[in-house]
Amino acid sequence: MSGDISQSQEWAALDKHHEELAGRRLRELFAEDPGRAGRMAVTAGDLYLDYSKHRATEETVGLLVALAERAGLSGRIAAMFGGEHINVSEDRAVLHVALRLPEDAELVVDGQDVVRDVHAVLAKMSAFAGRVRSKEWKGATGRPIETVVNIGIGGSDLGPAMAYEALRDYADAGIAARFVSNIDPADITGNLAGLDPATTLFVVSSKTFTTLETLTNARVARSWLVGALGEEAVSQHFVAVSTNAEKVAEFGIDTDNMFGFWDWVGGRYSYDGAIGLSLMIAIGPERFREMLAGFHTIDEHFRTAPFEANMPVLMGLLGIWYTDFFGVETRAVLPYSQRLHRFPAYLQQLTMESNGKSVRADGSPVTVDTGEIFWGEPGTNGQHAFYQLLHQGTRLVPADFIGFAEPFDDREGMHDQLTANLLAQTSALAFGKTAEEIAAEGTAPEIVPHKVMPGNRPTSTILAPKLTPGTLGQLVALYEHIVFVEGVIWGVDSFDQWGVELGKKMALDVAPALTSEEPPDTFPDPSTEQLVRRYRELRG
Ligand code: F6P
């Protein structure tokens with residue numbers, strides 16, 4: 001729908017429904033209809049979603065689906081998969097789904113055979129990863145590579161870093177990966193510590209190859225390497241991933257050792273393409289392809305499943321339900337898997353850079369809240385830190401709990417303990433404990449109010465058999481499409497990120513003020529001027 005979705009009949013119907021449902025408790029909803037647990041569940045690939053612990057009924061789902069239809073979600077999904085320029089502010093197609101199309105698929109976009117291009121890059125990555133893993137690729141002194149250091153930031157870091165951590169049990173070639181992103185010198189210094197230049201390979205990852213942090217870190221890495229092995233070592237220790245061959249060559253990296261992608265892959269949607277090179281070297285091309293197959297399974301589910309049984313659609317619509325009808329601001333993502341400890345950070349870019357927008361795709365202001373704030377930590381660490389607020393605080397924080405049936409390895413039944421915690425938390429959040437129940441346990445009356453667990457706190461539970469390359473791909477694709485669904489309802493362009501530009505430009509303007517002999521006489525504002533003066537004094 002073009003225009004203001006909040007003026008639609010479907011929105012009004014949800015508003016009215018919210019008034020009726022907001023005062024209802026999950027205890028009552030389950031007591032009235034115990035069968036809801038069985039019905040409010042859906043499977044997609046290996047992922048099982050229980051959404052029965054949401055403050056929603058099947059009527060809610062029906063009304064939300066009607067809203068999605070009013071927003072033209074089916075048409076938007078077809079437009080994305082068909083390669084239309086749905087990134088309107090940059091006039092680009094949005095085709096991360098093409099990065100995982102099987103080789104025999106067909107998709108021609110803007111006159112270009114996208115599938116052939118994708119598989120040509122995958123083949124080049126696989127060949128290179130194979131050579132590094134088999135030790136055929138040697139460093140300048142003839143020794144094989146032991147560590148790959150990915151230098152990138154944002155989408156050129158968070159994806160491979162998250163996935164490497166998630167899949168490190170599958171890193172079977174004895175090659176470790178490290179990730180450098182921050183312009184803070186502590187990052188590169190810490191990551192170079194203990195490395196031997198002779199066995200280190202740098203993958204400089206940047207879609208634009210103009211990003212200050214990445215190019216600065218890459219220059220530091222280059223000096224470190226050249227200092228130890230000489231200028232001629234660069235070609236054996238530096239490769240690049242980028243869309244910008246000219247800049248790669250300018251930096252001094254042989255473009256034969258460059259792995260490309262295209263402007264129709266957004267940075268935050270790119271680690272299943274060439275940006276995943278460091279991951280592919282660690283886990284191997286076969287595992288990488290299993291991950292792509294996982295992504296594709298969910299793409300197909302998203303493209304074809306009816307909305308009522310479509311996992312990303314349901315989860316995206318529930319996000320709308322809480323954001324725009326309950327006035328909720330944040331969503332916690334709580335993986336019960338230590339290996340997924342970078343998953344919330346990865347999702348923060350995916351979701352917040354995509355949907356943190358105040359104007360619609362046509363430039364008109366939005367009239368409803370957009371952009372959920374994502375945050376989280378792996379369970380059970382979070383339980384001993386911030387869950388207090390989730391259970392008894394005044395704010396409503398819907399949460400996604402993610403668990404796996406089988407661990408990579410187990411010790412003393414720890415994995416079952418982990419899962420028991422996940423299940424106990426979602427139950428406690430939903431059903432709480434009443435004052436009567438607490439008093440009946442013999443608690444002193446003055447202490448009872450402190451112990452009351454209000455409950456009625458909504459959660460999704462996602463269960464998968466095991467954290468594998470395939471299930472990780474499924475999980476990431478699930479959240480990519482949740483973002484898409486929300487973006488369509490809000491009518492925003494989920495694929496640009498103009499909001500990050502001003503700060504980058506201003507940092508370039510401010511930098512000389514910090515380092516020049518004499519402080520300049522113009523400053524952006526009096527507060528910044530004062531801080532610049534203070535910084536210069538402290539820096540001496
Ligand atoms: O500043 C934000 C951003 O443009 C992200 O969208 C992107 O993932 C990141 O910077 C890195 O960009 P690049 O891959 O071009 O270095």
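The structure reproduced in this document is the subject of the present report. Residue indices begin from 1 for each chain and proceed along its sequence in written order. At least 70 in pLDDT is required for a residue's local features to be given in this predicted model, at least 80 for side-chain atom pairs to be given and counted, and no such filter applies to totals for whole chains, interfaces and linings, which use all residues. For side-chain calculations, the full set of non-hydrogen atoms in the structure is used, while hydrogens and water are omitted.

A word on the side chain of Thr330. Its place among the elements puts Thr330 in strand S10 (residues 330-335). N or O atoms within 3.5 Å of each other form a polar contact, as long as, within protein, one can give a hydrogen and the other can take it, and as long as residues adjacent in sequence are counted only when both atoms are side-chain atoms. Only 3.0 Å separates the side chain of Thr330 from the side chain of Trp375, close enough to count as a polar contact. Only heavy atoms matter for contacts: two residues are in contact if any of them lie within 4.5 Å across the pair. Those residues in contact with Thr330 that lie beyond four places of it in its chain are Ile373, Trp375, Val397 and Pro398. Put simply, DSSP H or I for four residues or longer makes a helix, DSSP E for two residues or longer makes a strand, and each gets a number counted from the N terminus.

The next point concerns the site of the ligand. Residues are counted as near a molecule or strand when any one of their heavy atoms sits within 4 Å of it. Within the structure, the ligand sits among 14 residues, and Ser156, Ser206, Lys207, Thr208 and Thr211 are positioned closest to it. In the model, an oxygen atom of the ligand is placed 2.8 Å from a nitrogen or oxygen of the Gly155 main chain. Contact distances for the ligand include 3.1 Å between an oxygen atom and a side-chain N or O atom of Gln349. Each accessible area is a Shrake-Rupley estimate made with a 1.4 Å probe; only the visible protein chains count as cover when residues are assessed. Contact with the protein chains covers 88% of the free accessible surface of the ligand, which is 390 Å².

Bringing the pattern of salt bridges into the picture now. Two side chains carrying opposite charge are able to pair once their charged atoms lie near each other. Between Lys or Arg on one side and Asp or Glu on the other, a salt bridge is scored when a side-chain nitrogen of the former is within 4 Å of a carboxyl oxygen of the latter. Inspection of the entire model under this criterion finds 32 salt bridges. Glu165 serves as the salt-bridge partner of Arg168, at 3.0 Å between the closest nitrogen and oxygen. Between Lys504 and Glu501 there is a salt bridge whose closest N-O contact spans 3.6 Å. Of this pair, Lys504 and Glu501 both sit in helix H21 (residues 501-515), three residues apart, which is roughly one turn of that helix. With relative accessibility at 47%, the residue Lys504 sits in the partly exposed group. For Glu501, a relative accessible area of 36% puts it in the partly exposed group. Residue burial is assigned from relative accessible area. The probe radius is 1.4 Å, only protein chains are included, and a residue is buried under 20% of its type maximum, exposed over 50%, and partly exposed in between.

Bringing the pairing of strand S5 (residues 147-151) into the picture now. S5 sits mainly inside the fold: five of its five residues count as buried. Residues Thr147, Val149 and Ile151 of S5 are buried on one face, and the alternating residues Val148 and Asn150, pointing to the opposite face, are buried as well. Direction of pairing for S5 relative to strand S6 (residues 176-180): parallel, over a ladder of five bridges. Pairing of Asn150 across the sheet is with Phe179, part of S6. Handedness of a crossover: with both strands directed away from the viewer, a clockwise path from the first strand across the helix to the second marks it as right-handed. Where the polypeptide runs from S5 across helix H7 (residues 158-166) and back to S6, its parallel neighbour, the crossover connection is right-handed. Between any two strands, at least two bridges found by DSSP are needed for them to pair.

A few words now on the packing of helix H4 (residues 58-70) against helix H14 (residues 311-325). Comment: axis = line fitted to C-alpha atoms, over the contacting stretch for helices; angle = value between 0 and 180 degrees taken between N-to-C directions. Packing of H4 against H14 leaves a shortest axis separation of 10 Å and a crossing angle of 95 degrees. One finds that H4 runs roughly perpendicular with respect to H14. Contact residues: H4 offers Thr60, Val61, Leu64, Val65, Leu67 and Ala68, while H14 offers Leu314, Leu317, Ile320 and Trp321. For the contact of H4 with H14, a count of residues per class yields nine nonpolar, one polar and no charged. The scheme is simple: roughly parallel for angles under 35 degrees, roughly antiparallel for over 145, roughly perpendicular for 65 to 115, oblique for anything else. Residue polarity is assigned by list, with Asp, Glu, Lys and Arg as charged and Ala, Val, Leu, Ile, Met, Phe, Trp, Tyr, Cys and Pro as nonpolar; anything else, Gly included, falls into the polar class.

Attention now goes to the sheet that holds strand S12 (residues 399-406). The strand order across the open sheet formed by six strands is S1-S2-S13-S12-S10-S11, and the pairing between neighbours is mixed. Edge positions in the sheet fall to strand S1 (41-44) and strand S11 (373-375), since each of these pairs with one other strand and no more. The mean angle between the axes of side-by-side strands here comes to 20 degrees, regardless of whether they run parallel or antiparallel. Where S10 lies against S11, three bridges are found, and the strand directions are parallel. Paired with Thr330 across the two strands is Ile373, which belongs to S11.

Read these as geometric descriptors, not functional statements.
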